Amino acid sequence: MQKPLVETRSLLLDRPFHLESGDSISPLTIAYEIYGEDPGTEKQVILIEHALSGSAHAAFYHEGETKPGWWDDMIGPGKAFDTEHYRVICTNVIGGCNGSTGPSSINPVTGKPFALSFPPITIRDMTEAQRALLAQLGIDRIRCIVGGSMGGMQALQFFSDYPDQFDSFICIASTMRHSAQQIAFNEVGRRAIMADPRWNGGNYYGDIPPEGGLSVARMIGHITYISEHMMQEKFGRIRKDKDLRAIFRPSFEVEHYLDYQGVSFVRRFDANSYLYITSAIDNFDLVTSISGMGRFRGESRARGTRLTTLETKKGLVISFTSDWLYPSEQSRAIVRFFSGLNVGVSYAEITTEHGHDAFLTDHEQQTHLIRSFLESLEHAQ
Amino acid sequence: MDSPVNRISRHTYSLIEDWIEPGSRVLDLGCGDGALLDRLIERKKVEGIGVEISQSMIVRCLGRGISVYQADIDRGLSQWDDMTFDYVILNDTIQVISRPHEVMNEMLRVGRYAIISVSNFGYIGNRIRIFLEGRMNTAIRTTGAWHDTPVIRFVSLSEFKTSLREINITLVDAWYYVAHSSIHSRRSFLSNLLADQGLFKLKREE
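Just so you know, these numbers come straight off a predicted model, no measurement behind them.

*Asks:* Give me the interface of chain B and chain A: which residues, what numbers.
*Replies:* With twelve residues of chain B in contact, the opposing surface of chain A contributes 18 residues. Secondary-structure elements contributing two or more residues to the side of chain B that touches chain A are helix 3 (55-64) and strand 3 (67-70) of chain B. At six residues, helix 3 of chain B tops the list of elements feeding residues into the side of chain B that touches chain A. Of the residues contributing to the side of chain B that touches chain A, the split by class is five nonpolar, six polar and one charged.

This is the structure in structure tokens:
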């Protein structure tokens, strides 16, 4: 079969884009990809939200590349998000480094990269940027917004801020707010970057970036993304050499694995983006954000009250048994919260040994659940 | 196809349906493929949620558009606040539960009424089977062999009702019936012998 191709496109917003911090970015570039575009046919839209290190390239192939997008197992003809039936859109978050404006972008005022002069961003800023893109594309109704991990946070935020625009959400391996442990892991990653002398207060563009620090941050991340069981199964105590003097280089298989993950990450990710995005994740608190803004009528007032707009909405929350970074209890809390707002929320806990990464790897069970969920939305029409 | 299982379900479903007030909130424990909830949503306009442990059943519920929550009922219903529901249903499920009294207490914490169907171990047909064969057979156990069946609780209607007092639960209403037939009665006289099913509407003792 011929590989389906896709190109990353970008939209330039030339009016100032206002952030929650009070700052604004002008101009703002938003990178996005669209799958299943069928000119002349009316298709419902699915909006895909990526996680910390993701990009707009969720599926299909870029010209001349051998690896498809990060969720290609889930998006395409006959897959969970069937491009025969849906127009599927994924955008790169602002603050990122894969096409959308972020700290590595050129500040038009100075002609140099923003670095740390880039304003702090929030999960809501990410979704507001997508809203601006959707407006440009003339899309005002979304069949389903879906994401895993940080993508799940964006899905919950966007859905809660504008429930009238969405028929449903799917939130996978995520949370309404980070726990102390989750913040702690992110902080260690940030400190590793900032402790690297090459970080240089964020001013490393045009020079060697803080590769050591960023790769350590990624290594810590990877430890939390997989389960202890899986790590033991995969690597155990296997080692390539038994030279006891080899304490200054990777020897155990697990060390090689982490080293590889770290090294390949620094090639494609910007250290400052890592700082900005992990901070956005740590600061995310759905309940506070939607009650504080008064946009969503707040949890306290909403609980037990019938909100007619939400009664017709559907949600699907998925967690994984071995995910210790985003444990199932956090997903159950999401179900409790949205059930309290009378959204018709369902919950599935997939049994797997693959840990947090299961949202990227365990596509078969997710596909069954998601296809059934989306089909029922068609019947509800 | 009108399988025996469908006939049993239909009989039980129609009795349950008669007890449910239109527009009420219903939690169905062990909801399977969601057939009962589907019927209650359609005919009684209830707001329904199912609880189910099997992922393949969850997929079928989702396909029907029913809200479903994957969980093991034996681990409690801590997901729901007190008195969230008008009715909590346990249909064709009590026989697989390890801690029935804890589950019943939880049902009456999160809901005003509990509706529980019980397959009657004391039914005359079962007594004859055991007398003749000297063993439990699949008609009584419904599925599997003694070592691998999920069906672990065998209770007669009379014993079930007696034990309600121990946990301060009041019987509000009951049907005694023969599942395969259309015969049902509210009279408990000889029900422990002649009915193979009981359906109980329960509430917390005041």
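*Asks:* Residues and numbers for the nonpolar core, please.
*Replies:* Counting 150 residues, the largest nonpolar core has A:Ile48, A:Ile145, A:Phe169, A:Ile170 and B:Ala114 as its most contacted members. Sort the elements by how many residues they give to this core and helix 7 (residues 271-283) of chain A lands first, with seven residues. Residues lining this core come from more than one domain, with at least three contributed by each of domain 1 (9-177 + 285-380) and domain 2 (185-278) of chain A.

*Asks:* A description of the domain arrangement of chain A should follow, citing residues and the corresponding values.
*Replies:* All names here are of chain A. Segmenting chain A into domains produces domain 1 (9-177 + 285-380) and domain 2 (185-278). Summarising the inter-unit geometry, the C-alpha centres of domain 1 and domain 2 are found 27 Å apart. For the side of domain 1 that touches domain 2, the residue count by class is eleven nonpolar, nine polar and two charged.

*Asks:* Help me get a handle on the packing of helix 1 (residues 123-137) of chain A against helix 2 (residues 150-161) of chain A, residues and values and all.
*Replies:* Residue and element names in this part refer to chain A. Relative orientation of the contacting elements helix 1 and helix 2 amounts to 65°, with a least axis distance of 9 Å. The orientation of helix 1 with respect to helix 2, classified from their angle, is roughly perpendicular. Read as a crossing pair, helix 1 and helix 2 show a hand that is right-handed. Residues Ile123, Arg124, Met126, Thr127 and Gln130 of helix 1 form the contact with helix 2, whose participating residues are Met153, Gln154, Gln157, Phe158 and Asp161. Counted by class, the contact of helix 1 with helix 2 contains four nonpolar, four polar and two charged residues.

*Asks:* Account for the confidence of the model for chain A, naming residues and giving values.
*Replies:* Within chain A, residue pLDDT values average 93, and 95% of them lie at 70 or more. Low pLDDT, under 50, characterises residues 293-307 of chain A; the predicted model gives this stretch 19 contacts beyond four residues in sequence or across chains.

*Asks:* Tell me about helix 2 (residues 35-44) of chain B, and please be specific about residues and values.
*Replies:* Every buried residue belonging to helix 2 of chain B is among B:Leu36, B:Leu37 and B:Leu40, and all of these are buried. The buried residues of helix 2 of chain B occupy one face: seen down the axis, they fall within an arc of 95°.

*Asks:* Any chance you could break down the confidence of the model for chain B for me, citing the residues and the numbers?
*Replies:* Detailed reading of the predicted coordinates is not advisable wherever pLDDT is low. With 96% of its residues at a pLDDT of 70 or more, chain B shows a mean pLDDT of 93. Reported confidences for the modelled complex are a pTM of 0.94 and an ipTM of 0.93.

*Asks:* Which residues make up the pairing of strand 3 of chain B, and what values go with them?
*Replies:* All names here are of chain B. Of the two faces of strand 3, the one carrying Ser67 and Tyr69 and the one carrying Val68 and Gln70 are both buried. Inspection of the sheet shows strand 2 (residues 47-52) paired to strand 3 by four bridges, in the parallel sense. What sits directly across from Glu52, in strand 3, is Gln70. Between the parallel pair strand 2 and strand 3, the chain is carried across by helix 3, and the sense of this crossover is right-handed.

Quick notes on the rules
Residues numbered from 1 in each chain as written. Chains lettered and ligands numbered in written order. Predicted model: local features only at pLDDT ≥ 70, side-chain atom pairs only at ≥ 80, totals over all residues. Contact = placed C-beta atoms within 7 Å. Helix = DSSP H or I, 4+ residues; strand = E, 2+ residues; numbered from the N terminus. Nonpolar A, V, L, I, M, F, W, Y, C, P; charged D, E, K, R; others polar. Core = buried A, V, L, I, M, F, W, Y, C linked by C-beta atoms within 7 Å. Buried ≥ 20, exposed ≤ 12 C-beta atoms within 10 Å, placed from the backbone. Domains from an automatic or database assignment. Axes fitted to C-alpha atoms, helices over the stretch in contact; angles between N-to-C directions. Parallel < 35°, antiparallel > 145°, perpendicular 65-115°, else oblique. Left-handed = near helix turned anticlockwise from the far one by under 90°. pLDDT = per-residue confidence, 0-100. Arc of directions from axis to C-beta. Pairing = 2+ DSSP bridges. Right-handed = clockwise from strand over helix to strand, strands pointing away.

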